[in-house]
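Single-letter residue listing:
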Protein chains: 2
Amino acid sequence: MKSMVIGGAGFIGSHLCEALLEAGDEVYCIDDFSLGSRENLARCIERPSFRFYEANASVRKDLLPIFREVQPEQVFHLAANSDIQASASNPGVEYQRTYTTTYLVLDCMRECGVKKLFFSSTSAVYGDKRNILLTEATPSLEPVSYYGAAKLGSEALISAFSYMNDFSSLVFRFPNVIGPHLTHGVIFDFVHRLRQNPHELVILGNGRQTKPYIYVDDLIEAILKFRDSPQGVTIYNLGVDGATQVTHIAEIIVEEMGLHDVKFKYTGGESGWKGDVPCFRYDLTKIHEAGWRAKLSSDEAVRRTVREYLQSGGSK
Amino acid sequence: MKSMVIGGAGFIGSHLCEALLEAGDEVYCIDDFSLGSRENLARCIERPSFRFYEANASVRKDLLPIFREVQPEQVFHLAANSDIQASASNPGVEYQRTYTTTYLVLDCMRECGVKKLFFSSTSAVYGDKRNILLTEATPSLEPVSYYGAAKLGSEALISAFSYMNDFSSLVFRFPNVIGPHLTHGVIFDFVHRLRQNPHELVILGNGRQTKPYIYVDDLIEAILKFRDSPQGVTIYNLGVDGATQVTHIAEIIVEEMGLHDVKFKYTGGESGWKGDVPCFRYDLTKIHEAGWRAKLSSDEAVRRTVREYLQSGGSK
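For clarity, every value in this text was computed on a predicted model and none was experimentally measured.

Observations concerning the overall build of chain A
Assigned secondary structure in chain A consists of 11 helices and 15 strands. Relative to a compact globule of 316 residues, whose C-alpha radius of gyration would be 20 Å, chain A shows 19 Å and is just as compact. For chain A, the spread of C-alpha atoms along the principal axes amounts to about 60 × 45 × 40 Å. Expressed as a percentage of its 316 residues, the buried residues of chain A come to 58%. Long-range contacts, defined as pairs at least 24 residues apart, comprise 80% of the intrachain contacts of chain A with a sequence gap of at least 6. Of the roughly 12,200 Å² of accessible surface on chain A, 48% is carried by carbon and sulfur atoms.

Below, the structure is given as structure tokens:
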């Protein structure tokens with residue numbers, strides 16, 4: 001299978017490239033290194049069935065020729081701004097890097113007759129529905145972040161393009177994803193702050209924000225398991241058992257770093273920043289009934305990620 | 001009130017400009033005449049409290065200076081590609097003219113501190129849900145047209161921008177809107193085809209497509225009634241009693257044109273074209289309980305529009 005991974009040098013994309021190579025695919029990876037890096041692809045680049053293109057997927061004249069040359073059979077679209085906090089003050093980042101990339105990927109698929117798509121969506125499409133167990137059919141999606149809005153807009157595009165062009169599209173609404181190659185987020189931040197000051201840790205919000213964290217290997221396994229989806233759009237909430245409170249993440253990091261008597265200082269408020277959804281819970285019935293279940297719980301995913309991050313030197 | 005109407009020279013926009021002037025507003029109208037026309041503004045242009053800007057709302061450097069100069073208190077955003085059939089073969093039209101305009105309007109509002117928005121959305125955001133009575137909270141919005149996708153993406157943007165910047169946003173999901181200044185659509189098409197050949201009329205699909213048609217005056221009245229919406233996003237399905245079958249529209253036009261023995265020739269299939277939703281029905285409980293109800297039924301709106309169109313000479 002000729003597979004194209006857009007955003008393939010990023011955190012999740014690079015793990016996916018490795019897994020697709022393992023599965024025997026030819027992998028054509030596109031990235032502009034805005035968030036991804038060459039280092040993430042170290043284990044791919046030596047493989048004969050791997051090819052890398054440095055290109056910006058939000059520019060048609062850069063993207064379309066690669067589609068024409070490769071003629072992929074399946075596209076995995078993971079290019080996006082993945083740092084919600086960073087785009088809160090600049091919605092243009094989401095317009096360009098999240099929505100426009102999706103539009104162009106879909107339009108290149110249409111022009112080149114590619115019919116199979118995987119898309120990485122997010123819990124942020126739901127908005128702040130902290131008192132509802134979220135199913136794929138929960139009504140009134142009301143994103144509160146520009147990131148969530150661009151991802152919901154992308155899902156809308158996938159719906160129309162799939163109908164108009166007979167695509168088979170698989171959409172996962174990810175929770176927080178963690179593991180090796182992580183470039184930002186709470187674990188990353190806390191480790192770096194504790195290295196600067198091992199006596200005190202500033203925690204955004206009241207520390208009671210509680211979200212499910214999935215380990216990246218579990219997520220990649222799910223993508224490969226469901227990649228042959230039927231014609232039309234298939235959406236899954238992808239998640240894990242349990243959820244982890246921000247303060248508990250801090251406690252795990254303090255413990256794994258071997259620190260003692262660290263004072264947690266809270267900035268206050270229910271959310272870490274405006275546009276952050278402090279709590280959400282997925283109903284996972286649909287994906288469980290389809291035969292997939294995460295191996296690691298949220299707490300286990302956090303502890304394993306922290307441990308690996310510290311062992312790797314924790315520089316990135 | 002300083003009101004800005006974007007897409008104000010178009011079919012609905014021009015009626016809205018007139019109504020806002022009648023209500024005593026200063027009206028700042030922006031249009032690029034891609035679908036609108038100067039003729040539509042004939043009754044506005046002479047008014048001292050009306051000002052027109054010829055500009056493309058999908059270009060930031062053209063739009064932002066007008067926002068800065070006008071400093072509007074309320075924005076009515078009606079700029080979009082409104083011809084679903086025309087964009088079916090070119091999704092880029094919707095990316096540019098429907099989604100990008102919305103993004104830029106919202107971003108200009110953010111930059112200039114404008115807090116009040118009206119947005120014209122559409123039944124097309126629901127997709128093909130012909131067996132469901134559509135409420136504002138119907139789940140799983142799955143647009144089948146690029147137009148519906150761009151409007152749903154626009155609603156997602158409005159959700160995030162409203163939350164992040166404390167906007168008060170009013171969103172109407174329009175059905176088919178008809179009346180004077182109409183530029184395309186089934187009534188327009190049928191009249192012109194019957195003038196060319198008064199013996200036979202080709203009807204796309206099987207003629208059993210059945211949709212609610214609202215007369216533009218009813219719609220404008222609703223916009224003015226609800227323009228002071230609370231902070232956050234308020235969505236209404238806007239509709240009328242009943243719905244009108246395409247074949248019945250043809251019958252009304254034949255009758256009003258005084259023709260006899262016209263043979264209807266159907267191209268077949270349930271939809272007029274791919275991406276067309278052949279039937280939908282709105283649950284209007286929410287807007288009725290808020291105190292608004294259309295004066296004309298769907299059939300009455302069609303007949304009145306046909307009659308006025310023929311009386312006006314039917315050239316536009």
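Brief notes about the domain arrangement of chain A
Residue and element names in this part refer to chain A. Taken as a whole, chain A is organised into domain 1 (2-177 + 213-237) and domain 2 (180-212 + 242-281 + 296-311). Taking only C-alpha atoms into account, the centre of domain 1 sits 26 Å from that of domain 2. The interface of domain 1 with domain 2 comprises 29 residues on the first partner and 28 residues on the second. Taken over both partners, the interface formed by domain 1 and domain 2 buries close to 2,400 Å², and the fraction arising from carbon and sulfur atoms is 57%. Among the residues domain 1 hides against domain 2, the three largest losses belong to Arg130, Tyr213 and Tyr215. Together they make up 36% of the total. Taken together, the links from domain 1 to domain 2 amount to two salt bridges. Arg304 serves as the salt-bridge partner of Asp217, at 3.8 Å between the closest nitrogen and oxygen. Between the two partners, domain 1 and domain 2, sit 10 residue pairs in polar contact (both at pLDDT 80 or more).

Digging into unusual backbone geometry
Even without a glycine there, the phi angle at Phe33 of chain B is positive, about 60 degrees. Take Phe33 of chain B: it is sitting in the loop between β2 (26-31) and β3 (50-54).

Brief notes about the relation of the copies chain B and chain A
For the pair chain B and chain A, the relating rotation is 180 degrees, the translation along its axis is 0.0 Å, and the fit reaches an RMSD of 0.0 Å. Each copy turns onto its partner about a two-fold axis.

Focus on helix α3 (residues 60-70) of chain A
Residue and element names in this part refer to chain A. Among all positions in α3, only Leu63, Leu64, Ile66, Phe67 and Val70 are buried. For α3, the angular spread of the buried residues around the axis is 160 degrees, confining them to a single face. Turning to α3, the residues buried within the fold contact β1 (2-6), β2 (26-31), β3 (50-54), β4 (74-77) and α5 (92-112). Positioned one or two residues after α3, Gln71 has a phi angle of 50 degrees, which is positive.

Focus: the side chain of Glu18 of chain A
Mapped onto the elements, Glu18 of chain A comes out in helix α1 (residues 11-22). With residues near it in sequence (within four places) discarded, Glu18 of chain A still touches Asn40, Arg43, Cys44 and His181 of chain A.

Rules and cut-offs
- Residues numbered from 1 in each chain as written.
- Chains lettered and ligands numbered in written order.
- Predicted model: local features only at pLDDT ≥ 70, side-chain atom pairs only at ≥ 80, totals over all residues.
- Heavy atoms only, no water.
- Helix = DSSP H or I, 4+ residues; strand = E, 2+ residues; numbered from the N terminus.
- Rg over C-alpha atoms; globule rule 2.2 N^0.38 Å.
- Buried < 20%, exposed > 50% of the residue type's maximum accessible area, 1.4 Å probe, protein only.
- Contact = heavy atoms within 4.5 Å.
- Areas by Shrake-Rupley, 256 points an atom, 1.4 Å probe, with all protein chains shown as cover.
- Domains from an automatic or database assignment.
- Buried area = accessible area lost by both parts, 1.4 Å probe.
- Salt bridge = Lys/Arg side-chain N within 4 Å of Asp/Glu carboxyl O.
- Polar contact = N/O pair within 3.5 Å; in protein donor to acceptor, adjacent residues only side chain to side chain.
- Least-squares fit on C-alpha atoms with pLDDT ≥ 70 in both.
- Arc of directions from axis to C-beta.

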